[in-house]
Amino acid sequence: MSESHTLIWKQIESLIAARVSRDTMERWFSNIDLFRVDDTDIVLEAPNQIYQFWIETNYLPVLSDAIETVLGGRRRLAFQFRERDPLSEKPEKRLPQAVSPVKKRVARKKPKRSEEVAASVGLNYRYRFESFVVGSNNEFAHAACAAVAEKPGRTYNPLFIYGGAGLGKTHLMHGLGHEILKARPGANVVYITSEQFTNEFIEAIGDSSLVKFRQRYRAADVLLIDDIQFFAGKERSQEEFFHTFNALCDSNGKQIVMSSDLPASKIKNLEKRLVSRFEWGLTAELAAPDTETRIAILKRKAKEWRVKLDCDIIEFVAERIRNNVRRLEGALIRLASYGSMNKGELDLKNAERLLVDFLGDEGGKEVTIPEIQKRVAAFYDVRQSDLLGRKRPAQIAMARQVAMYFSRELTGASYQEIGDAFGGRDHGTVMHACRRVAGKCRELEKVRRQVDHLHGELTEPVDR
Ligand code: ADP
Ligand code: MG
């Protein structure tokens, strides 16, 4: 790291340290370096993908806030790794023997360029087709994505992927984007969530830059729009997206891919004409993986992350976590971090103990917003209903903001969904609350202790 990078990273680290335990700091952040930073991007260097996975899953808001504070603005975050990725080593080894030296050079060079482009449009390197395990639950969706990647705009348009949380929608979309860029690094691939689309749209109205906003999306060759269920109830964003959608569909060869946790017709408050447009093309469902697929996924990830696990432990995890691949990964990471700290053997009994909170509540529920409201209200000794109301005494306002903050950190809900769950507040209010709580944690020891305590309560397994 250059000196200025060291300095910037030190500042970022110190803000993170104010919000996470010392153990977390040592285990996950002390091994990170700042590799590159500019006006739009920041690239961190980690030993391997486990770090990226763990940090993104657990500390993304903390990290993003720290980056924003130190650099004075948001940056797109990417990781690169010191250890080589075992999956990406394969294709090189398998290069056909008979290629001429010239061709060989081209073949080596191309992936690098497309990887850079992919990272710059926000596609995660972990989410490639190569690392996606195909099983009976997802083979149709996978095949549809592969077909679209091969002939964007000419096969299934739009492609609509739906399925429950953690079943691989985002992974497939990114994979499709990577494939397209591999074949055509110059293609304008745009990946965005409907929540980002909505936020950018609101900003564009605010600072009169709608024309620019529209150009950006309408210039896309391939528009990947994730989690469109967040459009529910947002009429103006829907309207705007409808126009973008039509503009792209009307131009030759442009491709739209959408994902959602529900089929279009089941998304509440989604305009009828949008539903019917979305159903024009092909709809593909992702279902929960069967046992064999779960085992295959665990084995693949264990290899990818260089985790050694006995078959009986893998089977045990696959047997007990059934509905969500993200949770399978979470369990694996938990076991891996144990393995990396304790040199001793990990046996089935230990594994079971380590995973108690993953296994107890299959059905896969993480903490919910009402649960957070209940616990936070009890902690601050206010009524749960006060959190949803308009009263402003300090104690209530504080509890409300803290509950919003945890809703953002611990559930997958968008700012707007959180606002809705807190008596119909708008997304700006929630964003402001989250920032304030984060800020107070940095400044006031007392608040930090309260938040740490609540964090423990909300994430620790309950006695069962
Ligand atoms: P969704 O967008 O449907 O909520 P994601 O695409 O984010 O789910 O997937 C959650 C996690 O599970 C990701 O880390 C992803 O890589 C992984 N995952 C999901 N399905 C598969 C699969 N079939 N093979 C490998 N990894 C998968
Ligand atoms: Mg997703």
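Residues numbered from 1 in each chain as written. Chains lettered and ligands numbered in written order. Predicted model: local features only at pLDDT ≥ 70, side-chain atom pairs only at ≥ 80, totals over all residues. Heavy atoms only, no water.

1. Structural notes on the overall build of the protein chain
And then number 1: Of the regular secondary structure elements, the protein chain holds 22 helices and 8 strands.
And then number 2: Within the protein chain, the proportion of its 464 residues that are buried is 48%.
And then number 3: Relative to all contacts within the protein chain whose residues are 6 or more apart in sequence, the contacts with residues 24 or more apart total 73%. (Helix = DSSP H or I, 4+ residues; strand = E, 2+ residues; numbered from the N terminus. Buried < 20%, exposed > 50% of the residue type's maximum accessible area, 1.4 Å probe, protein only. Contact = heavy atoms within 4.5 Å.)

2. Observations regarding the nonpolar core
And then number 1: Grouped together as the largest cluster of nonpolar side chains are 54 residues, with contacts concentrated most on W9, I12, I16, V317 and L335.
And then number 2: With 10 residues, the top contributor of residues to this core is helix α3 (residues 49–71).
And then number 3: A domain split of this core shows at least three residues from each of domain 1 (3–81) and domain 3 (291–362).
And then number 4: Not counting the four nearest positions on each side in its chain, I12 is found in contact with I42, L63, A66, I67 and V70.
And then number 5: Counting 32 residues, the second largest nonpolar core, distinct from the first, contains M398, A413, Y415 and C434. (Core = buried A, V, L, I, M, F, W, Y, C linked by side-chain atoms within 4.5 Å. Domains from an automatic or database assignment.)

3. Points about the pattern of salt bridges
And then number 1: Tallied over the entire structure, the rule returns 17 salt bridges.
And then number 2: Its salt-bridge partner being R435, residue E68 comes within 3.6 Å of it at the nearest N-O pair. You can see E68 sitting in helix α3 and its partner R435 sitting in helix α21 (residues 427–443), a full 367 residues away along the chain.
And then number 3: Note that E200 is salt-bridged to R216, the shortest N-O span being 3.1 Å. Here E200 is found in helix α8 (residues 194–206), whereas its partner R216 is found in helix α9 (residues 210–218), with 16 residues between them in sequence.
And then number 4: Of the residues examined, E200 reaches a relative accessible area of 27% and is grouped as partly exposed.
And then number 5: Salt bridges linked by common partners bring R19, D65 and E409 together as one network. (Salt bridge = Lys/Arg side-chain N within 4 Å of Asp/Glu carboxyl O.)

4. Some details on the sheet that holds strand β3 (residues 76–81)
And then number 1: Across the sheet, 3 strands lie side by side as β1-β2-β3; this open sheet has mixed pairing. Because the sheet does not close on itself, it has two edges, and the strands there are β1 (33–37) and β3. Here the strands of the sheet are splayed against their neighbours by 30° on average, with no regard to which way each runs.
And then number 2: Note that strand β2 (residues 41–46) and β3 share 6 bridges and pair parallel. Across the sheet, V43 pairs through a bridge with A78, a residue of β3.
And then number 3: Along the sheet, α3 contacts β1, β2 and β3; its crossing angle with β3, the most-contacted strand, is approximately 135°. (Pairing = 2+ DSSP bridges. Axes fitted to C-alpha atoms, helices over the stretch in contact; angles between N-to-C directions.)

5. Structural notes on the site of ligand 1
And then number 1: Around ligand 1 sit 19 residues in total, of which G166, T170, H171, K301 and E329 are the nearest.
And then number 2: Take N138: an N or O atom from its side chain is 3.3 Å from a nitrogen atom of ligand 1.
And then number 3: Out of a free accessible area of 560 Å², ligand 1 has 97% covered by protein chains.
And then number 4: When contributions to the shell around ligand 1 are tallied by element, the ones reaching two or more residues are α7 (169–183), α12 (291–304) and α14 (325–341).
And then number 5: Of the residues that constitute the shell around ligand 1, the class distribution is 7 nonpolar, 7 polar and 5 charged. (Near = heavy atom within 4 Å. Polar contact = N/O pair within 3.5 Å; in protein donor to acceptor, adjacent residues only side chain to side chain. Areas by Shrake-Rupley, 256 points an atom, 1.4 Å probe, with all protein chains shown as cover. Nonpolar A, V, L, I, M, F, W, Y, C, P; charged D, E, K, R; others polar.)

6. Here we look at the environment of A438
And then number 1: Its place among the elements puts A438 in helix α21.
And then number 2: On the basis of relative accessibility, which here comes to 1%, the residue A438 falls in the buried class.
And then number 3: A sequence separation of 376 residues divides A438 from V62, and the C-alpha atoms of the two residues are 8.0 Å apart.

7. Let's talk about the confidence of the model for the protein chain
And then number 1: Of the residues in the protein chain, 89% have a pLDDT of 70 or more, and the chain-wide mean is 85.
And then number 2: With pLDDT under 50 throughout, residues 86–111 is counted as low confidence; its partners more than four residues away or in other chains account for 18 contacts. (pLDDT = per-residue confidence, 0-100.)

8. Thoughts on the packing of helix α17 (residues 369–380) against helix α22 (residues 445–459)
And then number 1: Direction vectors running N to C along α17 and α22 enclose 135°, while the axes themselves pass 11 Å from each other. Comparing their axes, α22 and α17 come out oblique. Judged by the twist between their axes, the crossing of α17 over α22 is right-handed. Side by side, α17 and α22 meet where I372, R375, V376, F379 and Y380 of the first sit next to Q450, H453, L454, E457 and L458 of the second.
And then number 2: When grouped by side-chain class, the residues that make up the contact of α17 with α22 number 6 nonpolar, 2 polar and 2 charged. (Parallel < 35°, antiparallel > 145°, perpendicular 65-115°, else oblique. Left-handed = near helix turned anticlockwise from the far one by under 90°.)

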